[in-house]
Amino acid sequence: MAVSPKSPLSRRRLLREVAPGAAAMVAAAPFSFAGRRGPTAAGSDQVAAARITARMETIARFGATPAGGGSRTGGSDADLAARAAFAGWLEDAGLTVRIDFAGNLIGRLEGSEPALPPLVSGSHLDSVPDGGNFDGVAGSIAALEAAEVFQSGAPLCHPLEVVVFFNEENGKTGSRALAGEVTPEELDLPLHGGFSMGEALARVGGSPERITEAPLSPGDVAGYLELHIEQGPVLDTEGIEIGAVEGIVGIRRFRVTVSGFANHAGTTAMAIRRDALVTAGRFIAAVSDETNRWPGRQVATVGRIEAEPGAANVIPGEVELSLEIRDLRMETIDALYDHLRQAGSEIAARNQTTMRFEPYYLSRAAPCDTAYVDLVAATADDLGCSVARLPSGAGHDAQSMAPLAPIGMIFVPSRDGISHSPREFTPMEDIVRGAQALTAALRRLDGVAG
Ligand SMILES: [Zn+2]
């Protein structure tokens, strides 16, 4: 990663200048994952289960909510406090700490061949409002744990950079800035907490004025590997310990408008109606049926619907609904969209109505490097873990890194697939197992990455 010209930050300076009030938050309500200990994994690169557990508990204190979750939105006092604590751990582990223009907190461990570009691993410490204790935190702490292991054991050839990305939950700001995707206008967007994204960026020690200087170039990073909780039910349901992520799915959203004719609900015979809501209803059923029938793991959803004029005694003349399609392959999304659009037009015509589609949101799929998927699966297998290959239906910082470097992701199970909720839960033994897999995978990558 390009080194920001800022001087390394000491923990004292972080607490004093960047996170006023953070020190007080360290003493906030106690939090405990007590009684959960990780397994003993094979191999010489041994992670420390107790240290991982203690750090998870510490981060959970910042922004702790009565429901047992956490509110640590990007740039909030709780976020600043968590980052300050994390920076202290990076420093204590002997890493050189800096914050880049995009507010990413980075710890660098030199390798035996300093000329090589770094391997990068990390995640985020910010959360959604009233979120859980594991999303992002597990991956940040696992990356730090890998650095601890390499620091005290055999060094890597590559430098290793541990990154806590800024504001993942509200737009992946820190990681997208590295890919050159954040515009200065975006910094005016209001964030939870009453300040703008630019103000939040300044609060964490980034530089709103120089955000456009944050981007990296391909070649600046040798490879990126992120551990994350699955946030879905696959691993938990199937009792599988490690997920080798195949990629992050792409998303396309469309505004669908059905036009019919609004008329009196008492005097208009059934046979001559042009009921936009009836068309919409048949279309929604078709979206579910056709997507189910389509070969593959794509998903399509109508999540919002609005009928006009919206009265009990008027036949709906116009209906607007949303259509969202996700898949690992953009070609599948496009092909399914064409199919659903055709089906919709036919349904509309049969009902003397019309249907119009307008795209309004696109998030490109980010496939993981196939060599990384294989490497993660083989590493997990060697550690004696059960492993499954699966796509990620949720977005991650890894997605932003994909244009810059080969990426890989490791998933650990989410109990009942619940996430972005105080009920989000992953047993500590799963997180420790994941950290062990991440560490072993980084060791392997070190041997093969450019
Ligand atoms: Zn996350």
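Residues numbered from 1 in each chain as written. Predicted model: local features only at pLDDT ≥ 70, side-chain atom pairs only at ≥ 80, totals over all residues.

Asker: When you look at unusual backbone geometry in this model, what are you seeing that I'm missing?
Answerer: The phi angle of most residues is negative, glycine excepted, and most peptide bonds adopt the trans form. Cis rather than trans, the peptide bond between Glu 308 and Pro 309 has omega equal to 0°. One can find Pro 309 in the loop between strand 10 (305–308) and strand 11 (314–315). In this structure, Lys 172 is a non-glycine residue whose phi angle is positive, near 50°. With respect to the helices and strands, Lys 172 occurs in the loop between strand 4 (160–165) and helix 6 (173–178). Assessed through the 24 C-beta atoms surrounding it within 10 Å, Lys 172 is described here as buried. (Helix = DSSP H or I, 4+ residues; strand = E, 2+ residues; numbered from the N terminus. Buried ≥ 20, exposed ≤ 12 C-beta atoms within 10 Å, placed from the backbone.)

Asker: Would you mind showing me how to read the domain arrangement of the protein chain here?
Answerer: How big an interface is tends to be reported as the loss of accessible area on association of its parts. Domain boundaries in the protein chain define domain 1 (11–248 + 365–448) and domain 2 (250–363). With seven residues of domain 1 at the contact, the number on the domain 2 side is seven residues. Its residues assigned to classes, the side of domain 1 that touches domain 2 comprises three nonpolar, three polar and one charged. (Domains from an automatic or database assignment. Contact = placed C-beta atoms within 7 Å. Nonpolar A, V, L, I, M, F, W, Y, C, P; charged D, E, K, R; others polar.)

Asker: Teacher, can you tell me more about helix 11 (residues 370–382) here?
Answerer: One full turn of an α-helix is made of 3.6 residues, so residues set three or four places apart face in the same direction. Relative to the 18 Å expected for 13 residues at 1.5 Å per residue, helix 11 spans 18 Å between its end C-alpha atoms, a close match to the ideal helical length. For helix 11, the full list of buried residues reads Tyr 372, Leu 375, Val 376, Ala 377, Thr 379 and Ala 380. Close packing links the buried residues of helix 11 with strand 5 (223–229), strand 6 (242–248), strand 15 (387–392), strand 16 (407–412) and helix 13 (428–448). Of the residues one or two after helix 11, Gly 384 is the one with positive phi, at around 85°. (Expected span 1.5 Å × (residues − 1).)

Asker: Just to check I follow, could you spell out the nonpolar core for this structure?
Answerer: Here is a general trend for soluble globular proteins: nonpolar side chains tend to be buried in one another's company. Judged by nonpolar contacts, the single largest core of 106 residues is most densely connected at Ile 407, Ile 410, Leu 438 and Ala 441. Among all residues touching Ile 407, those that are not within four sequence positions of it are Tyr 224, Ala 366, Cys 368, Asp 369, Tyr 372, Ala 398, Met 401 and Ala 402. In terms of nonpolar packing, the next biggest core, distinct from the first, is built from 19 residues, Val 287, Ala 307, Ile 325 and Ala 348 among them. (Core = buried A, V, L, I, M, F, W, Y, C linked by C-beta atoms within 7 Å.)

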